[in-house]
Amino acid sequence: MIRQTMTAILRVINTVCLLALVLVFALPFIWMVSTSLKTLPETMIFPPRWIPTDPVWQNYADAWNTGPFLRYFTNSIIIAGGILILQMLTIIPASYAFARYRFAGSSFLFGIVMVTLMIPAQLIFLPVYLELSAFKLLNTHLGLILPFASSAFGIFMLRQAFMQISDELIEAARLDQAAEWKIILRIMVPLVKPVLVTFALFSFIAHWNDYFWPLVMTTNETARTLPLGIAKIREVEGVATWNVLMAGNLILVTPILIVFFLSQRQIIKAFVYNGVK
């Protein structure tokens with residue numbers, strides 16, 4: 001009886017702690033949604049109100065009409081999607097090579113890949129900017145995609161997953177005279193699908209929300225993305241329109257939430273991934 005009582009108490013404490021943790025992370029989002037539905041005077045009230053007196057849905061239309069938001073949205077899709085496609089084309093064969101082949105200098109080359117994780121983007125943006133400028137790629141989608149055509153984090157993450165796959169599977173495929181590209185696409189990739197989906201989500205979120213590179217690499221509206229468009233809402237006629245700004249932020253974050261909810265099962269699988277036993 002004592003043991004059962006203690007187990008029940010621990011479960012209750014665990015549930016309360018988890019709910020408190022969820023609330024801490026959810027409160028900023030809840031506040032953003034609440035503010036996006038308020039009038040401007042309501043955003044200035046102290047103490048603040050969590051529930052708007054009369055929800056103002058017009059804030060979303062005002063945010064969308066502050067600039068060419070459809071162009072910003074399309075640019076974000078093209079750039080984030082293009083980066084993800086190129087990264088998949090480069091990190092999968094690179095990870096397979098580092099995980100399954102031992103050649104002269106392999107450890108050294110992998111060490112160089114890991115070192116690039118420690119270099120902030122702000123340190124290398126100038127030479128990248130000058131190089132793209134020399135090739136006349138500023139203010140283009142390609143200019144925003146090419147600097148991120150590969151990912152050191154993705155290579156590391158996928159290499160670790162490939163190393164957990166049984167050697168017997170690969171040897172059996174080679175005995176059946178399967179080409180290396182068939183081994184990668186038909187055996188390796190399906191087995192590490194949760195890891196790939198997790199990396200894809202991380203990459204998509206990072207480049208969808210990226211503000212620094214589009215700001216540096218663009219000087220007009222041709223290839224600018226949603227984060228730059230949201231920044232333009234900040235002040236209208238010298239007054240910070242927080243309600244319209246929060247509506248714009250909600251437009252920005254909605255695609256990310258949709259992608260997350262569609263891929264959450266694969267993300268959970270990736271964190272409990274133990275390889276083939």
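Residues numbered from 1 in each chain as written. Predicted model: local features only at pLDDT ≥ 70, side-chain atom pairs only at ≥ 80, totals over all residues. Heavy atoms only, no water.

Student: What is the right way to look at the packing of aromatic side chains in this model?
Tutor: How two aromatic rings sit relative to each other is set out by the distance from centre to centre and by the angle between their planes. By the definition in use, this model includes 15 aromatic pairs. Their ring planes at 85° and their centres at 6.3 Å tell us that Tyr-96 and Phe-162 sit as a pair that is edge-to-face. Taken together, the residues Tyr-96 in helix α4 (residues 69–100) and Phe-162 in helix α8 (residues 152–163) connect sequence positions 66 residues apart. Across the pair, Phe-162 and Tyr-96 agree in class, each one buried. Aromatic pair Phe-260 and Phe-261: ring centres 5.6 Å apart, planes at 65°, arrangement edge-to-face. Accessibility expressed as a relative area gives 51% for Phe-261, which makes it exposed. Put simply, the rings of Phe-125, Phe-148, Phe-212 and Trp-213 pair up and form one aromatic cluster. If you follow Arg-159 out to its NZ or CZ, it ends over the ring of Phe-110, 4.1 Å from the centre. (Phe/Tyr/Trp six-rings, centres within 6.5 Å; stacked < 30°, edge-to-face > 60°. Helix = DSSP H or I, 4+ residues; strand = E, 2+ residues; numbered from the N terminus. Buried < 20%, exposed > 50% of the residue type's maximum accessible area, 1.4 Å probe, protein only. Lys NZ or Arg CZ within 6 Å of the ring centre and 35° of its normal.)

Student: Explain the packing of α4 against α8 to me, please; I cannot follow it from the model alone.
Tutor: For any two helices packed against each other, one specifies the inter-axial angle together with the distance between the axes. At a minimum axis distance of 8 Å, the contact between α4 and α8 shows a crossing angle of 50°. Judged by the angle between their axes, α4 and α8 are oblique. Handedness of the crossing formed by α4 with α8: right-handed. Residues Ile-91, Ile-92, Ala-94, Ser-95, Tyr-96, Phe-98, Ala-99 and Arg-100 of α4 form the contact with α8, whose own contacting residues are Gly-154, Ile-155, Leu-158, Arg-159, Phe-162 and Met-163. (Axes fitted to C-alpha atoms, helices over the stretch in contact; angles between N-to-C directions. Parallel < 35°, antiparallel > 145°, perpendicular 65-115°, else oblique. Left-handed = near helix turned anticlockwise from the far one by under 90°. Contact = heavy atoms within 4.5 Å.)

Student: Where do I start with the nonpolar core in this structure?
Tutor: The tendency in soluble globular proteins is for nonpolar side chains to be buried as a group. Membership of the largest hydrophobic core comes to 29 residues, with the highest contact counts inside it found for Met-88, Ile-92, Leu-158, Phe-162 and Met-188. Breaking this core down by element, the ones donating at least two residues are α4, α5 (106–115), α8, α9 (167–175), α10 (180–191) and α11 (193–208). At seven residues, the largest contribution of residues to this core is made by α4. Counting 20 residues, the second-largest nonpolar core is a separate cluster that includes Tyr-60, Ala-63, Ala-80 and Ile-256. (Core = buried A, V, L, I, M, F, W, Y, C linked by side-chain atoms within 4.5 Å.)

Student: What is the right way to look at a nonpolar patch on the surface in this model?
Tutor: Nonpolar side chains collect at one region of the surface, where Ile-2, Met-6, Ile-9, Leu-10 and Ile-13 lie side by side and expose about 510 Å² of accessible area between them. Mapped onto the fold, Ile-2 is located in helix α1 (residues 2–36). A residue is classified by how much of its surface remains accessible, and Ile-2, at 69% relative accessible area, is exposed. (Patch = residues over 30% accessible without salt bridge, like charges linked within 9 Å, V, L, I, M, F, W, Y side chains within 5 Å. Areas by Shrake-Rupley, 256 points an atom, 1.4 Å probe, with all protein chains shown as cover. Salt bridge = Lys/Arg side-chain N within 4 Å of Asp/Glu carboxyl O.)

Student: Help me understand the pattern of salt bridges, please; the structure alone is not making it clear to me.
Tutor: Charged atoms that come close allow side chains of opposite charge to pair. Tallied over the entire structure, the rule returns four salt bridges. Taking the shortest distance from any N to any O, the salt bridge between Asp-167 and Arg-100 comes out at 2.1 Å. With Asp-167 in helix α9 and Arg-100 in helix α4, the pair connects residues that are 67 residues apart, well separated along the chain. The class of Arg-100 is buried, set by a relative accessible area of 18%.

Student: Is there a simple way to think about unusual backbone geometry in this case?
Tutor: Working note: non-glycine residues mostly have negative phi, and peptide bonds are mostly trans. Positive phi is not limited to glycine here, since Asn-139 has a value of about 60°. Here Asn-139 is to be found in the loop between α6 (121–134) and α7 (141–145).

Student: Teacher, can you tell me more about the packing of α9 against α10 here?
Tutor: Contact pair α9 / α10: the axes reach a minimum separation of 10 Å and the direction vectors enclose 150°. Taken together, α9 and α10 sit at an angle that is classed as roughly antiparallel. Crossing angle aside, the handedness with which α9 passes α10 is right-handed. Taken together, the residues of α10 that come into contact with α9 (itself represented by Leu-169, Ile-170, Ala-173 and Arg-174) are Glu-180, Ile-183, Ile-187, Met-188 and Leu-191. For the contact of α9 with α10, the residue count by class is seven nonpolar, no polar and two charged. (Nonpolar A, V, L, I, M, F, W, Y, C, P; charged D, E, K, R; others polar.)

Student: How should empty space enclosed by the protein be read in this particular structure?
Tutor: To locate leftover empty space, one rolls a probe as large as a water molecule over the atoms. The full count for this structure, using the stated rule, is one cavity of 30 Å³ or more. What the largest cavity holds in volume is close to 50 Å³. For the largest cavity, the full set of lining residues is Ile-79, Ile-83, Leu-144, Phe-148, His-207, Asp-210, Trp-213, Pro-214 and Thr-225. Counting only elements with at least two residues in the lining of the largest cavity, the list comes to α4 and α12 (212–217). Grouping the constituent residues of the lining of the largest cavity by class yields six nonpolar, two polar and one charged. (1 Å grid on protein atoms, 1.4 Å probe; cavity = no way out; pocket = protein on both sides within 12 Å on 5 of 7 lines; lining within 4 Å. Points joined across faces, edges and corners; volume = space filled by probe spheres on them.)

Student: What should I look at first to understand the layout of surface pockets in this one?
Tutor: Here the largest pocket defines a volume of roughly 700 Å³. Every residue lining the largest pocket is counted, 22 residues in all, and those nearest its centre are Thr-116, Phe-148, Ser-150, Ser-151 and Ala-152. Elements represented by at least two residues in the lining of the largest pocket include exactly α6, α8 and α11. At five residues, α11 tops the list of elements feeding residues into the lining of the largest pocket. Here the residues of the lining of the largest pocket are counted per class, giving 15 nonpolar, six polar and one charged.

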